[in-house]
Amino acid sequence: MPINLKGKSFLTLLDFSSSEIQYLLDLSRDLKSKKRAGIRGTTLEGRNIALIFEKASTRTRCAFTVACQDEGAYAEFLGKNDIHLGLKEDIRDTARVLGRMFDGIQFRGFDQAIVEALAEYSGVPVWNGLTDMYHPTQILADLLTIMEVFGKLKGLKLVYVGDGRNNMANSLMIGAARMGLDFVIGAPRSLWPEEDLYNRCVQIAASNNCTISLEEDPFKAVKGANAIYTDVWASMGEEAKKQEREQLLRPYQVNADLMSATGNPDTIFLHCLPANKGQEVTEEVFESDSSKVFDEAENRMHTIKAVMVATLGNI
């Protein structure tokens with residue numbers, strides 16, 4: 001049965017089946033090949049896209065902007081001081097106004113409830129560029145990068161070490177469960193993911209012949225890993241916890257010893273960026289041949305383009 005995502009919002013990978021995610025990855029790969037060949041698209045020609053940013057961004061903002069331009073759309077940046085989102089105006093009202101002026105909306109901010117309200121009331125596709133709960137566009141880029149390195153997803157082992165209850169750990173867990181990767185979170189018990197989300201991912205994984213597990217010992221967690229992933233120890237908005245997190249997560253730093261502990265010379269290193277080199281990852285690992293972080297960063301553009309094309313484009 002053909003995949004049709006036209007008009008669908010992209011808020012969390014929980015809303016997408018394995019086949020739909022694979023469709024987006026295949027479309028990303030096709031769009032990447034076309035861009036490399038210098039072929040500009042017209043699938044979003046005449047479309048106007050609102051890019052709402054409560055949080056600062058390099059990769060997400062640039063990826064959405066360039067992806068829009070590549071496919072013929074106009075992108076309007078709306079920073080937190082540019083509109084009345086949730087302040088002078090009810091979010092539902094802002095959504096209904098923007099939905100009458102724009103064909104699609106990207107939101108990057110704190111509260112998942114905001115992006116869900118935008119999707120419910122705007123009447124146009126809404127794309128989650130990051131919230132405190134989920135970061136689904138990043139996961140597509142991560143999965144595409146892993147596919148490019150290993151030629152597959154199913155049967156691989158992906159390990160995330162660090163803050164195991166942040167948006168990256170949550171979203172990687174969902175993505176791995178959907179796409180058949182064995183996934184381990186190596187984190188202190190106090191930073192394990194919410195139980196309800198973890199249990200849901202365990203059930204999804206079981207239907208895709210893979211496993212989701214939690215491990216306090218980082219060296220046990222990474223054994224046999226094909227890819228090791230980490231993120232900053234204190235996410236945006238948690239700067240006050242920086243010193244506390246550094247003490248708690250220092251044993252989970254991705255360094256040469258942890259990479260060697262996989263027992264796999266072909267293990268790759270992944271990071272959503274920006275990285276605090278010397279904290280969650282050493283300069284040595286970050287700059288090594290095993291590091292694929294800049295492939296991931298580029299792939300943000302191709303996967304974001306695929307999401308917009310699939311949900312809004314003329315294809």
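Provided above is the structure to which this section pertains.
Okay, so let's go over this structure. Along each chain, residues carry numbers from 1 onward, in the same order as the chain's sequence is written. Whole-chain, interface and lining totals are the exception, using all residues; otherwise, since this is a predicted model, local features are given only for residues with pLDDT of at least 70 and side-chain atom pairs are given and counted only at 80 or more. Heavy atoms throughout the structure, all of them, feed into the side-chain values; hydrogens and water do not.

## Quick notes on helix H3 (residues 91-101)
Residues separated by three or four positions in an α-helix point in the same direction, a consequence of the helix having 3.6 residues per turn.
Working step 1: Each residue is placed in one exposure class: buried if its accessible area under a 1.4 Å probe, protein chains only, is under 20% of its type's maximum, exposed if it is over 50%, and partly exposed if it falls in between. Helix and strand assignments come from DSSP, with helices taken as H or I runs of at least 4 residues and strands as E runs of at least 2, each series counted from the N terminus. Looking only at H3, the buried set comprises Ile-91, Thr-94, Ala-95, Leu-98 and Gly-99. Down the axis of H3, the buried set is contained in an arc of 130°. They therefore lie on one face. Exposed residues pointing more than 90 degrees away from the buried face of H3 are listed as Arg-100 and Met-101.
Working step 2: Any two residues whose heavy atoms approach within 4.5 Å at even a single point are treated as in contact. Residues of H3 that are buried in the fold lie against strand S1 (48-53), strand S2 (74-79), strand S3 (104-108) and helix H4 (112-122).
Working step 3: Sitting at the amino-terminal end of H3 is Asp-90, which places a side-chain oxygen 2.7 Å from the backbone nitrogen of Arg-92. It is the directions from the helix axis to the C-beta atoms whose arc is reported. Whenever a nitrogen or oxygen atom comes within 3.5 Å of another N or O atom, the pair is scored as a polar contact, on the condition that within protein one atom can donate a hydrogen and the other can accept it, and that pairs from neighbouring residues in sequence are kept only if both atoms are in side chains.

## Side note on the packing of H3 against H4
Working step 1: To obtain an axis, a line is fitted to C-alpha atoms, over the contacting stretch when the element is a helix, and the angle between two such axes runs from 0 to 180 degrees between their N-to-C directions. At a minimum axis distance of 8 Å, the contact between H3 and H4 shows a crossing angle of 50°. In terms of orientation, H3 lies oblique with respect to H4. Of the two elements, H3 crosses H4, and the hand of that crossing is right-handed. For the pair H3 and H4, contact is made by Ile-91, Arg-92, Ala-95, Arg-96 and Gly-99 and by Ile-114, Ala-117, Leu-118, Tyr-121 and Ser-122, respectively. These descriptions rest on fixed angle ranges, namely under 35 degrees for roughly parallel, over 145 for roughly antiparallel, 65 to 115 for roughly perpendicular, and the rest for oblique. Throughout, a crossing is termed right-handed when the near helix is turned clockwise from the far one, and left-handed when it is turned anticlockwise from it by less than a right angle.

## Section: the sheet that holds strand S6 (residues 182-186)
Working step 1: Read from one edge of the open sheet, five strands run S7-S6-S5-S8-S9, paired in parallel fashion. If you trace the sheet from one side to the other, it starts and ends with strand S7 (212-215) and strand S9 (268-271), each paired once. Shown here is a sheet whose adjacent strand axes are inclined to one another by a mean of 20°, direction ignored.
Working step 2: In the packing of helix H6 (residues 167-179) onto the sheet, contacts are made with strand S5 (157-161), S6, S7 and strand S8 (227-230), and the angle to S6 comes to roughly 160°.
Working step 3: Its contacts with the sheet put helix H12 (residues 293-312) on S8 and S9, and the angle it makes with S9 is roughly 45°. We treat two strands as partners when DSSP finds at least two bridges between them.

## Thoughts on the sheet that holds S1
Strand pairing in a sheet relies on backbone hydrogen bonds. The paired strands run either parallel or antiparallel.
Working step 1: Strand order in the open sheet formed by four strands is S2-S1-S3-S4, and the pairing between neighbours is parallel. Edge positions in the sheet fall to S2 and strand S4 (126-130), since each has one partner strand and no second. With direction set aside, neighbouring strand axes in the sheet form an average angle of 20°.
Working step 2: With four bridges joining them, S3 and S4 adopt parallel strand pairing. Note on S4: the bridge partner recorded for Arg-108 is Leu-130.
Working step 3: Here H4 sits on the sheet in contact with S1, S3 and S4, set at roughly 165° to S4.

## Notes on the packing of aromatic side chains
Working step 1: Classification of ring pairs uses Phe, Tyr and Trp, with its six-membered ring standing for Trp, and accepts pairs whose centres are within 6.5 Å; under 30 degrees between planes counts as stacked, over 60 as edge-to-face, and the remaining range as tilted. A full pass over the atoms with the stated rule returns five aromatic pairs.
Working step 2: On the basis of an interplanar angle of 90° and a centroid distance of 5.8 Å, the ring pair of Phe-286 and Phe-294 is categorised as edge-to-face.
Working step 3: Look at NZ for Lys and CZ for Arg. If either is within 6 Å of the ring centre and within 35 degrees of the ring normal, a charge sits over the ring. The cationic tip of Lys-8 hangs over the ring face of Phe-16; the distance from NZ or CZ to the ring centre is 4.1 Å.
Working step 4: The ring of Phe-77 has Arg-61 lying over it, and the distance from NZ or CZ to the ring centre is 3.6 Å.

## Points about the pairing of S4
Each regular strand carries side chains that alternate between the two faces of the sheet.
Working step 1: A large share of S4 lies buried, amounting to five of its five residues.
Working step 2: Handedness of the S3-H4-S4 crossover: right-handed. Orienting the strands away from the viewer, one traces the path from the first strand over the helix to the second; a clockwise path indicates a right-handed crossover.

## Things to note about H12
Working step 1: In a regular helix each residue adds 1.5 Å, so 20 residues correspond to 28 Å; H12 covers 29 Å between its end C-alpha atoms and thus fits that length.
Working step 2: Fitting axes to the seven residues ending at a residue and to the seven starting there, one defines the bend at that residue as the angle between these axes. At Asn-299, H12 shows its largest kink, close to 30°.
Working step 3: Burial runs high along H12: 16 of the 20 residues are buried. Multiplying one less than the number of residues by 1.5 Å gives the expected span of a helix.

## Focus: unusual backbone geometry
Working step 1: Here the bond from Leu-273 into Pro-274 is cis, since omega is 0°, no more than 30 degrees from zero.
Working step 2: Inspection of the secondary structure assignment puts Pro-274 in the loop between S9 and helix H11 (283-286).
Working step 3: The backbone of Asn-209 shows a phi angle near 60°, a positive value even though the residue is not glycine.
Working step 4: A positive phi angle, near 65°, is found at Leu-273, a position not held by glycine.
Working step 5: Within the fold, Leu-273 resides in the loop between S9 and H11.
Working step 6: When its relative accessible area of 12% is taken as the criterion, Leu-273 is described as buried.

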